[in-house]
Amino acid sequence: MIKTVSGGVCAAKGYKAGGIHCGIRKNKTKRDLALIVSEVRAKAAAVYTTNLVKGAPLVVTKENISDGFAQAVICNSGNANTCNADGIEKAQAMCKLVSDSLGISEKDVVVASTGVIGQTLDINPIENGMDELVKSLGNNSKEAAEGIMTTDTVLKEIAVEFTVGGKQCTIGGIAKGSGMIHPNMATMLVFITTDCAISSEMLSKALKSDIADTFNMVSVDGDTSTNDMVTVLANGLAENEEIVSEGEAFDEFMKALNTVTVYLCRCIAGDGEGATKLLECKLSGAKTKEIAKTVAKSVICSSLTKAAMFGADANWGRVLCAIGYSGADVDVTKIDVAFSSPKGTVEVCKNGAGIPFSEEKAKEILLEKEIEIIVALNDGEFSSTAWGCDLTYDYVKINGDYRT
């Protein structure tokens, strides 16, 4: 049984976190530096953006955790440390600062940055803030979550308890992500901690398997970031028998991990830049899993569909249009479409053609904060879910002067 608990990345045994304003961001009311630490060296796994332009921190992190271990995570907001000639040097310097402050190997540090691309990262505020950052360490997951936020408007954290081999385990996570969000991966930073004992190989397998149906199914604006990264640390302090292969224990871990990641996916999609609504495309009846995922993502990525949802306009033709150009092998004469929210459900399309429905009822449904776009291809047994948000005037306002 999986139970939601408080504490975020500090909920699992042996983790502390903190966050401060060190001066990278001009707004002194916003934290811009975060630190997460395990009291013991932990197994580590990560997945990274598919963008060919990658932030320097990703390059350094990938090298650092190539042995499957890490003990700390440091992340700054306000500057992505990407496309800078000295980016690698700065990312390594951040690891060295953590190493010197905590007495751990600099190779056991995950480093991340988020913010403006192409501006040189000033390491001085980070160096000057390290003492304060270390002093902030405690049961402070929220402070760490605040430290990694950029245009995010809500804090994103969760933790759950689960059982493996009779031992209670906990897994928690924090995330940032609001703009430049598009598969693969959905542009974001996600840091997950667990006290479950699991080998590096199985931890990596679990993460890569999970993101295929979670973070890679989120889109806000069609732009894939340069600094995407999802990392997991597993320190084993729950003292369960280490998970080293597939089986019941691995399945329980996967369920708990998926509970955390799906929650964070919904948080990220619902907090898209300028967004007023969370959109969830629930697709069923596909001939293959790949078709199901392709169609669901195409619907959620459609700018016209997103704009229609912003205006509470039940323009189902835009959904069919998105399915039609997805490139997936579907029979358009079998497709059913419905819109659903806490206000009810309205069917708008049957067998690829419009059916009579109440526009007033549809508008009432689409004015809600969370909307399901239900698509049935009626051509197989595979399903998929994708998450996105509406497209609003504020998205352009936010990104029109993001740098200046």
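In this text, all values refer to a predicted model and were calculated from it rather than measured experimentally.

## So, the packing of helix α1 (residues 56–64) against helix α2 (residues 87–102)
At a minimum axis separation of 8 Å, α1 and α2 run at an interaxial angle of 55°. Classified by the angle between their axes, α1 and α2 sit oblique to one another. Like other packed secondary-structure pairs, α1 and α2 cross with a definite hand, here right-handed. Counting all contacts with α1, which are made through A56, P57, V59, V60 and N64, the residues of α2 involved are G87, I88, A91, Q92 and C95.

## Quick look at the environment of T261
Assignment of secondary structure puts T261 in helix α6 (residues 248–270). Considering only alpha carbons, one finds T261 and V98, 163 residues apart in sequence, at a separation of 27 Å. Dropping the residues within four chain positions of it, T261 is found in contact with I192, D210, T214 and F215. Among the polar contacts listed, one links the side chain of T261 to the side chain of D210, at a separation of 2.8 Å.

## Notes on the sheet that holds strand β10 (residues 278–286)
Ordered in space as β13-β12-β11-β14-β10-β15, the six strands form an open sheet in which the pairing is mixed. Single-partner strands in this sheet number two, and they are β13 (353–354) and β15 (382–389). Both β10 and strand β14 (residues 370–376) contribute to a ladder of seven bridges, which runs parallel. Note on β14: the bridge partner recorded for L278 is E370. Running over the sheet, helix α7 (residues 289–301) touches β10, β14 and β15 and is turned about 20° from β15. In the packing of helix α8 (residues 303–310) onto the sheet, the strands contacted are β10, β11 (336–341), β14 and β15, and the crossing angle to β14 comes to about 135°.

## Overview of the nonpolar core
Ranked by size, the top nonpolar core spans 73 residues in total, and within it I171, F215, F253, F339, V375 and L377 carry the most contacts. Core analysis: the next-biggest nonpolar cluster, separate from the first, contains 26 residues, C10, A17, A112 and M229 among them.

## A look at helix α3 (residues 124–135)
Buried within α3 we find P125, I126, G129, M130 and L133. On an axial view of α3, the arc spanned by its buried residues comes to 155°, and they lie on one face. Turned more than 90 degrees away from the buried face of α3 sit N128, D131 and K135, all of them exposed. The elements touched by buried residues of α3 are β2 (15–20), β3 (33–48), β4 (69–79) and α2.

## With respect to the pattern of salt bridges
Enumeration according to the criterion identifies 21 salt bridges in this entry. The partner of R266 in a salt bridge is E280, and the shortest N-O contact between them spans 3.0 Å. Of this pair, R266 sits in helix α6 while E280 sits in strand β10, and the two are 14 residues apart along the sequence. Residue classification places E280 among the buried positions, given a relative accessible area of 10%. By relative accessible area, R266 is classed as partly exposed at 26%. Three or more residues joined by partner-sharing salt bridges are found here, namely R266, E280, K282, E370 and E372.

## What to know about the side chain of Q71
Along the chain, the position of Q71 falls in strand β4. Given a relative accessible area of 13%, Q71 falls into the buried group. If near-sequence neighbours (up to four positions away) are discounted, Q71 is found in contact with I36, V37, S38, E39, V40, R41, I104, D108 and L233.

## Structural notes on unusual backbone geometry
Positive phi, normally seen in glycine, also occurs at E239, with a value near 65°. As for its placement among the helices and strands, E239 is situated in the loop between β9 (229–234) and α6. Residues other than glycine seldom take positive phi values, yet N351 does so here, at roughly 55°. Tracing the sequence through the fold places N351 in the loop between β12 (344–350) and β13. The class of N351 is exposed, set by a relative accessible area of 53%.

Each value, and the rule that gives it
- Residues numbered from 1 in each chain as written.
- Predicted model: local features only at pLDDT ≥ 70, side-chain atom pairs only at ≥ 80, totals over all residues.
- Heavy atoms only, no water.
- Axes fitted to C-alpha atoms, helices over the stretch in contact; angles between N-to-C directions.
- Helix = DSSP H or I, 4+ residues; strand = E, 2+ residues; numbered from the N terminus.
- Parallel < 35°, antiparallel > 145°, perpendicular 65-115°, else oblique.
- Left-handed = near helix turned anticlockwise from the far one by under 90°.
- Contact = heavy atoms within 4.5 Å.
- Polar contact = N/O pair within 3.5 Å; in protein donor to acceptor, adjacent residues only side chain to side chain.
- Pairing = 2+ DSSP bridges.
- Core = buried A, V, L, I, M, F, W, Y, C linked by side-chain atoms within 4.5 Å.
- Buried < 20%, exposed > 50% of the residue type's maximum accessible area, 1.4 Å probe, protein only.
- Arc of directions from axis to C-beta.
- Salt bridge = Lys/Arg side-chain N within 4 Å of Asp/Glu carboxyl O.

Such coordinate-based values are descriptive only and should not be taken to indicate function.
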